[in-house]
Amino acid sequence: MSNTSIKSMIASTFEELANALETGEFGKKVVIGITNKGSEHGVEAVSLGGLIATKKNKNIEVVLIGEKNSTGLRTIETNTEEEAHKVMEDMIKKGELDTCVTMHYNFPIGVSTVGRVISQADGKEAFIATTTGTSATVRDQAMFKNAIYGIIAAKACGIKEPTVGILNVDSARSVERALNELVANGYNLKFGSSNRADGGAILRGNDLITGAVDVVVCDSLTGNILMKIFSSFNSGGSYEAIGYGYGPGIGFDFELPIFIISRASGSNVIAGALEYAYQCISGNLIDTIKKEVLEIKKYGFDSILESLKPKNSIVSDNNKKKVEVAKEVVTSQISGIEVTDLDDAVDLLMSNGIYAESGMGCTGPIILVSDNNTEKAKNILKEGNFIS
């Protein structure tokens, strides 16, 4: 280690000790910027959120970027949101800010945010993966990546083995199969379970209310809606009053720790977003991303991701016309089929001489076959990558 590095470490240690003696709280001070322009509740509401955060946590230092305000916090004045974003990006890159909280920020494709909410039933916290941005242009691939993004955010906040569940939306079953394959290859992922009687990693709405898992995997549009409902359910919808905001933008090659709030976020949510940012930075968010990426790559993440691209129809139209299978009574249900794959799955079975029908059970899409054909049908569907 060089003399410069040693001196820097000593200086940092003395600064932490001085801060601890002054505030009574040990830990490194985290400098967080927040842009205060663009809120539906005005500049003062955003600025007040910054003030609340610093009073609750003495290790948070807030720098406001935007308009003048009455908080007394350090403020860097800018004229537009675009200028504010440029200032915050430059300050993060120069090391003048550890991170920043902002509104209406455009992330590149591949980056999306992991929100954090408080469940209505018992106050448990959950990470919603994801809430803004686009992890990938193919839905199944995006949700598969979202699961990893959620795990990263939870680990940065100190949860060593976060439990993961997948919201029962389109692509849920495909993502479940992909995650199961990653686990089978050796990746350490801990699935949570629905609180409903049949359990499983596929979550229903009830599970969100009860906070059944640490990380809820969904698409960004659904996640965005969930954030708004959780944050503003007790305020009539116009004011986000509870929670931690829409979270950090996470991407495998993205190294700007930028956290998102909504234009509807109130002061308490903004304070929560600043606390969320503090925890992530204290937990080395960027290093956590890099570490987790190296980990998943060891267990075939890239090849599994590639397999989630849209399938071509298994059976051509001409072949479909030629296949004739006698109809029979079908009472055996095979679940775990993605809804968008139902027709192809039925076609595959029929082309192999098994009569099959599609349906929708209480837990999602199903294939119906006769009891005698159940095991054979499952094997065919596994080989076709329709079920795990």
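Analysis parameters
- Residues numbered from 1 in each chain as written.
- Predicted model: local features only at pLDDT ≥ 70, side-chain atom pairs only at ≥ 80, totals over all residues.
- Heavy atoms only, no water.
- Helix = DSSP H or I, 4+ residues; strand = E, 2+ residues; numbered from the N terminus.
- Buried < 20%, exposed > 50% of the residue type's maximum accessible area, 1.4 Å probe, protein only.
- Contact = heavy atoms within 4.5 Å.
- Areas by Shrake-Rupley, 256 points an atom, 1.4 Å probe, with all protein chains shown as cover.
- Salt bridge = Lys/Arg side-chain N within 4 Å of Asp/Glu carboxyl O.
- Axes fitted to C-alpha atoms, helices over the stretch in contact; angles between N-to-C directions.
- Parallel < 35°, antiparallel > 145°, perpendicular 65-115°, else oblique.
- Left-handed = near helix turned anticlockwise from the far one by under 90°.
- Nonpolar A, V, L, I, M, F, W, Y, C, P; charged D, E, K, R; others polar.
- Expected span 1.5 Å × (residues − 1).

Draft legend 1. Broad picture of the overall build of the protein chain. A tally of regular secondary structure across the protein chain gives 13 helices and 15 strands. Buried residues in the protein chain amount to 53% of all 388 residues. In the protein chain, 71% of the contacts between residues at least 6 apart in sequence involve partners at least 24 apart. When the accessible area of the protein chain is evaluated, it comes to approximately 17800 Å², of which 50% is carbon and sulfur surface.

Draft legend 2. Region of the structure containing the pattern of salt bridges. Summed over all chains, the structure comprises 12 salt bridges. When the shortest N-O distance is used, the salt bridge between D219 and R139 registers 3.2 Å. In this pair, D219 sits in the loop between β10 (215-217) and α7 (220-232) while R139 sits in helix α4 (residues 139-156), placing the two residues 80 residues apart along the sequence. Judged by its relative accessible area of 10%, D219 is buried. According to the relative accessible area criterion, R139 is partly exposed, its value standing at 34%. Note that R204 is salt-bridged to D198, the shortest N-O span being 2.8 Å. The class for D198 is partly exposed, based on a relative accessible area of 46%.

Draft legend 3. Layout of the packing of helix α2 (residues 43-56) against helix α8 (residues 267-282). Relative orientation of the contacting elements α2 and α8 amounts to 50°, with a least axis distance of 7 Å. In this view, α2 runs oblique relative to α8, as classed from their interaxial angle. α2 and α8 meet at a crossing whose hand is right-handed. On α8, the residues touching A45, V46, L48, G49, G50, I52 and A53 of α2 are S267, N268, I270, A271 and L274. Split by residue class, the contact of α2 with α8 holds eight nonpolar, four polar and no charged.

Draft legend 4. Representation of the environment of K55 in the model. Relative to the assigned elements, K55 resides in helix α2. With relative accessibility at 58%, the residue K55 sits in the exposed group. Taking the C-alpha atoms as reference points, K55 and A271, 216 residues apart in sequence, are found 9.8 Å from one another.

Draft legend 5. Region of interest: α8. If you check α8, its first and last C-alpha atoms are 22 Å apart, about what 16 residues at 1.5 Å a residue would give, namely 22 Å. All buried positions along α8 are accounted for by S267, V269, I270, A271, G272, A273, L274, Y276, A277, Y278, C280 and I281. In the stretch just after α8, N284 is the one whose phi turns positive, near 60°.

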